[in-house]
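Remarks on the overall topology
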Amino acid sequence: MLHHYLTTAFRNLRRHRVFSFVNILGLALGIAASLLILEYVGFERSFNRFHANLPTLYRLQTLTAQGDIWTAMAPALAPLAKREFPEVKAFCRIAEQSANGIVTFSDEKDGRTRQSFREGSLAYADGSFFTLFTFPLRRGTAATALTKPNTAALSVSQARKYFGNANPVGRVVTLNSQFGKTLYTITAVYADMPANSDLRFDMVFSLETLANPANLNGNDWARLDGFEGSYLTTFLQLTPRTDYRGLEAKFNELRRKREPGDENRWLIQPATQLHLASSLGDPYRTTGSLGFVYLLSGIAFLILGIAWFNYINLSTAGALKRAKEVGVRKVVGAGKGQLIGQFLGESLLLNLFGFGLALLLVGLAQGAFNTLIEQKLSLAVFLTSDLLLLGFGLLVMGTLASGGYIAFVLSSFEPIYVLKGATLKVGKGAWLRKSLVVFQFGISAALMVGTVVLHQQLRYMQNKNLGVSLAQRVVIEGPQVGKDETFKSRTAALENELSQLPYVKNYSNTGIVPGNYYNFSTGGITRQNPRPGDEKKTYSMGIIDHRFLPTYGIGLAAGRNFTAVECEKAWEKSAKLMINETAARQLGFVSAAEAVGGTINWGQPYEVVGVVQDYHHQGLRQAIDPVIFMPSSHNGYLTVQLTTDNITRKIAELENLYKATYPGNPFEFFFVDERYNQQYKTEQQYGQVFTIASGLAIFIACLGLFGLATYTAEQRTKEIGIRKVLGASVPNIVGLLAKDFLKLVLLANVVTWPLAWYGIHRWLADFAYPVEVSGWWFALAGGLALLIAGLTIGLQTWKAARANPVKLLRSE
């Protein structure tokens, strides 16, 4: 029986080639797009799941009185919590950025330095790192890998990079960082941290090293017994069945005892929510975006829904063609259950063909998709995710729902009416088809409007006047190796040579670069007579020299720039600061002019010598921070403003000059405008995803329109012939056949626009400087949808309208 069903189903699919092709192609595109999107969703949901201790791991955060979330905690907090609360079984503190610097190593035979590498994925961590987190060791022991000072572990890739195939355990590397020059002995090698881990480090150094003041290089804020500097990500392992909400209350009770009147709160975040929150309303800071995952999931299911609705639409439209077949089958004894089985078999076969073609399309598109999302994904992600069952269930449900409806409709025909040739109406099939067309093009229109707004917002952010000049500025990473007593004189000699180069317009030795964060943030800064609560306000702190403002074309609202002497003395000795306009307002100054010459307190009194015009240091996603600028020379970034021609040759000359001045330091650089625009990578990816999704959605919907137009033209063949005999022109007939479909497309736009408008404004609310939404964008998207639909229908109806009326009426 099953063989008979499948054979008959295959014959029917072959007999109706156009409908079968449209259905299979639409299903294949919908399923393929859904699989690719769900790959990414599954990847996002898989983050950190491999840690054996994940259910008992938690991260500490600070919720400020202003509503900001800080993940950096004071070093002394975790040991205090371990002593005070028996629920805390263990802890691990990680400094994720503080260790970055230049790593050098020596040849094992001659002891001379062989190579140096600037590393950007280094961390300090407690000795519990490899016992709390599941990062398998290839060499060494987890319990002792980082317990002693001046020890380090490195990944398999880094071990190969530095030592080839030799055993690195016992070898010594030198880390040159903000903490000076420190030697570390390799005690362990771990497997490369996977892509679905929020903790990804090439090397991990013992945090216990910083317990020795001699290893701090004067950075007393990093003392492990201090509460002043907050720079560590702190994880706690709690005892099983601990109520972390109750423990959070105990933490904050301890905070109130230590700092009465402090309105900030500590939060305890489950590590299961480290990447994706449990809901959109969760207050915790995460590394992934649950909203984006929901959005992608919705797009995947909507595109798949469009493909299934195509099948329902085309099948109900073609139901009358098979009415006599149903009538004959019923007369010869076929029961309703047998007919339903037959049509479900066709639906299953169609979906299987679509699924097979979808797998082929996924294979062809996987490389381009991986390039888009910058990950190496494959369908294997479903094997380690609960999305495998979900996807299989959706496929079965879609097959049953779409095929089941068609089977029910076709098997309900009464043979006595069918075989008499009576006119049949498929229940409410016409209304259903119209509703599905509206739904399909409504989704397409919403995606198209979203695409237009995304690109407009991105263009707005990239082209808006930022108040800072970024073009032709190249930034060279500052040296870390060889900071001896000759360092200042060598730097001065380098700057002198730069000033004499004809293609160097300006240069600056600075601690901050537009597009990067500031040096740090802090509070407790007030005027001489502060208002209540002023001490709780936070400020972003930027270390600059006297050339920073002219190099980046940043203006002054009032006052003057730093002098070279003030920068050489640095801020503590010179007692001079500059502030931006936002900071002046937050400090309570009525105007920029009033702020100049004023005094602010930050551990000691400082004179405000200038007010810098507000500029967008970190892009337009967030509002301009209140910034305090501190004078200093010999900082971490050397910015050089170049003329526009022969950039490659100029970079090569700068490299030679840099290496001659700072031997042993790798020469690495970046262009400021390129780095700055990387902030908008998320929006660029959103735009690409929406463009592809809206294109697919409208293409699949147009496949359905093509099929419906073909069916309509076939059903109205004799009407077309009669109209042509009576003198109707081809455009008249095309308009007659197309107008009903175009009305549905127009209705779909009108119905969808309010929902799209609401969703767009919710999304734009995340931007401090959103683009103004224009009604013309909706009209543009709607007009484009009408144009595409009109072309799709017009091509098919034009063919029918041009047919010879003699052939159309021959059977009469």
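Anything mentioned here points back to the structure above.
Residues numbered from 1 in each chain as written. Predicted model: local features only at pLDDT ≥ 70, side-chain atom pairs only at ≥ 80, totals over all residues. Heavy atoms only, no water.

**Examining the overall build of the chain**
Counted only if it meets this: Elements are defined by DSSP. Helices are runs of H or I of four residues or more, strands are runs of E of two residues or more, and each kind is numbered from the N terminus. Think of it in three bands: residues with accessible area under 20% of the maximum for their type are buried, residues over 50% are exposed, and the middle band is partly exposed, with areas taken using a 1.4 Å probe on protein chains only. What makes two residues a contact is simply this: any of their non-hydrogen atoms within 4.5 Å. Only the protein chains shown count as cover for residues, with accessible areas throughout obtained via the Shrake-Rupley method and a probe of 1.4 Å.
Of regular secondary structure, the chain possesses 24 helices and 25 strands. Burial analysis of the chain (812 residues in total) assigns 51% to the buried set. Residue pairs at least 24 apart in sequence account for 78% of intrachain contacts in the chain once pairs closer than 6 positions are excluded. When the accessible surface of the chain is summed, it comes to about 37,200 Å², and 57% of that surface belongs to carbon and sulfur atoms.

**Examining the packing of aromatic side chains**
Convention followed: Two rings belonging to Phe, Tyr or Trp (six-membered ring only in the last case) form a pair when the distance between their centres is within 6.5 Å. Interplanar angles under 30 degrees mark stacking, angles over 60 mark edge-to-face geometry, and anything in between is tilted. A positively charged side chain is recorded as over a ring if its NZ (Lys) or CZ (Arg) lies within 6 Å of the ring centre. The angle to the ring normal must also be within 35 degrees.
In the structure shown here, the tally under the stated rule is 34 aromatic pairs. Taking 5.0 Å as the distance between ring centres and 85 degrees as the angle between the ring planes, the aromatic pair formed by Phe 129 and Phe 130 counts as edge-to-face. Per residue, the accessibility class of Phe 129 equals that of Phe 130, and both read buried. Between Tyr 517 and Tyr 518 the ring centres are 5.7 Å apart and the planes differ by 75 degrees, which places this aromatic pair in the edge-to-face class. Overall, Tyr 518 belongs to the buried group, its relative accessible area being 6%. Aromatic ring contacts, followed pair by pair, group Phe 50, Phe 129, Phe 130, Phe 133, Phe 135, Tyr 190, Phe 201 and Phe 235 into a single cluster. Looking at Lys 161, its charged tip hangs above the ring of Phe 117, at a distance of 4.3 Å from the centre.

**Topic: the sheet that holds strand β14 (residues 473-477)**
In plain terms, the rule: By this definition, two strands are paired if DSSP reports at least two bridges between them. Here, axes are lines fitted to C-alpha atoms. For helices the fit covers the stretch in contact, and angles between N-to-C directions go from 0 to 180 degrees.
Taken in spatial order, the four strands make up an open sheet running β15-β24-β14-β25, and their pairing is antiparallel. Looking at which strands have only one partner, the edges of the open sheet turn out to be β15 (504-510) and β25 (669-671). Pairs of neighbouring strands in the sheet enclose a mean axial angle of 20 degrees, with direction left out of account. Pairing of β15 with strand β24 (residues 637-642), which is carried by six bridges, proceeds in the antiparallel orientation. Bridge pairing in β24 links Asn 506 to Gln 641. Sheet strands in contact with helix α13 (residues 487-500) are β15 and β24, and its direction is about 155 degrees off that of β15. Docked against the sheet, helix α18 (residues 647-661) engages β14, β24 and β25, running at close to 30 degrees with respect to β14.

**What to know about the environment of Ile 37**
Structurally, Ile 37 is set in helix α2 (residues 17-45). Contacts of Ile 37, omitting those with residues within four sequence positions, involve Leu 296, Ile 299, Ala 300 and Phe 369.

**What to know about α18**
Every α-helix winds through 3.6 residues per turn, so residues three or four apart in the chain are directed the same way. Rules: Here the expected length of a helix is defined as 1.5 Å per residue gap, with one fewer gap than residues. Arc definition: directions from the helix axis to the C-beta atoms.
With 15 residues, α18 extends 21 Å between its outermost C-alpha atoms, agreeing within 8% with the 21 Å of an ideal straight helix rising 1.5 Å per residue. Turning to α18, its buried residues number three or more, namely Lys 650, Ile 651, Leu 654, Leu 657, Tyr 658 and Thr 661. Around the axis of α18, the buried residues are gathered within 125 degrees of arc, so they sit on the same side. The exposed residues of α18 that point more than 90 degrees off its buried face are Thr 648, Asn 656 and Ala 660.

**Regarding the pattern of salt bridges**
Two side chains with opposite charge may pair up if their charged atoms get near one another. Heads up, the rule is: In the sections that follow, a salt bridge refers to a side-chain nitrogen of Lys or Arg positioned within 4 Å of a carboxyl oxygen of Asp or Glu.
Throughout the structure, instances matching the rule amount to 19 salt bridges. Linking Lys 161 and Glu 119 is a salt bridge whose minimum nitrogen-to-oxygen distance equals 2.8 Å. Here Lys 161, found in helix α5 (residues 156-163), pairs with Glu 119, found in strand β5 (residues 113-119); they are 42 residues apart in sequence, far enough to count as distant. Since its relative accessible area comes to 34%, Lys 161 is described here as partly exposed. Using a relative accessible area of 6% as the deciding quantity, one classes Glu 119 as buried.

**Regarding a positive patch on the surface**
Selection criterion: The patch calculation keeps residues exceeding 30% relative accessible area without a salt bridge and links them within 9 Å when they carry like charges or within 5 Å when they are nonpolar (Val, Leu, Ile, Met, Phe, Trp, Tyr). Within this scheme the basic residues Lys and Arg register as positive and the acidic residues Asp and Glu register as negative, but His and the chain ends are omitted. Lys charges are placed at NZ, Arg charges at CZ, Asp charges at CG and Glu charges at CD.
There is a patch of like positive charges on the surface, built from Arg 11, Arg 14, Arg 15 and Arg 17. Here the positive patch takes three residues from helix α1 (residues 2-15), the largest share from any one element. Relative to the assigned elements, Arg 11 resides in helix α1. Classification of Arg 11 as partly exposed rests on a relative accessible area of 47%.

**Remarks on the pairing of β24**
Most of β24 sits out of view: five of its six residues are buried. Note that β14 and β24 share five bridges and pair antiparallel. Note on β24: the bridge partner recorded for Val 474 is Val 640.

**Overview of the pairing of strand β23 (residues 627-631)**
Taking burial as the measure, the five residues of β23 include five buried ones, the bulk of the element. Neither face of β23 is exposed, since Val 627, Phe 629 and Pro 631 on one face and Ile 628 and Met 630 on the opposite face are all buried. Bridging between strand β18 (residues 539-544) and β23 involves five bridges; their strand directions are parallel. Looking at β23, one finds that Ser 540 is bridged to Val 627. Summarising the sheet, strand β20 (residues 576-580) and β23 pair through two bridges and their orientation is antiparallel. Bridge assignment links Ile 579 to a residue of β23, and that residue is Ile 628.

**Things to note about the nonpolar core**
Just so we agree on the cut-off: As used in this record, nonpolar core signifies buried Ala, Val, Leu, Ile, Met, Phe, Trp, Tyr and Cys residues forming a set joined through side-chain atoms within 4.5 Å.
Of all hydrophobic cores here, the largest spans 109 residues; its most connected members are Phe 441, Phe 548, Tyr 552, Ile 554, Met 578, Phe 629 and Leu 705. Top contributing element to this core by residue count: α2, with 15 residues. Setting aside residues no more than four positions away along its own chain, Phe 629 makes contact with Ile 512, Gly 542, Ile 544, Phe 562, Leu 577, Met 578, Ile 579, Asn 580, Val 612 and Tyr 615. Listed in part, the 27 residues of the second largest apolar core include Val 103, Leu 122, Phe 179 and Tyr 231.

**Thoughts on the packing of helix α3 (residues 77-84) against helix α6 (residues 244-258)**
In a packed pair of helices, the relevant descriptors are the angle between the two axes and the axis-to-axis distance. Applicable threshold: Angles are sorted into four bins: roughly parallel if under 35 degrees, roughly antiparallel if over 145, roughly perpendicular if 65 to 115, and oblique for all others. Should the near helix be turned anticlockwise from the far one by less than a right angle, the crossing is termed left-handed; should it be turned clockwise, right-handed. Under the scheme applied, nonpolar residues are Ala, Val, Leu, Ile, Met, Phe, Trp, Tyr, Cys and Pro; charged residues are Asp, Glu, Lys and Arg; polar residues are all the others, including Gly.
The interhelical angle for the contact between α3 and α6, taken along N-to-C directions, is 115 degrees, at an axis separation of 12 Å. Comparing their axes, α6 and α3 come out roughly perpendicular. Considering only the axes of α3 and α6, their crossing is right-handed. Mapping the contact onto sequence places Leu 77, Leu 80, Ala 81 and Glu 84 in α3 and Phe 251, Leu 254 and Arg 258 in α6. For the contact of α3 with α6, the residue count by class is five nonpolar, no polar and two charged.

**What to know about helix α15 (residues 564-574)**
What α15 keeps buried is the set Glu 566, Cys 567, Trp 571 and Ser 574. Down the axis of α15, the buried set is contained in an arc of 110 degrees. They therefore lie on one face. Counted as exposed and oriented over 90 degrees from the buried face of α15: Val 565, Glu 572 and Lys 573. Of the surrounding secondary structure, the elements contacted by the buried residues of α15 are β18, β20, β22 (605-612) and β23. Just downstream of α15, Ala 575 is the residue with a positive phi angle, here 55 degrees.

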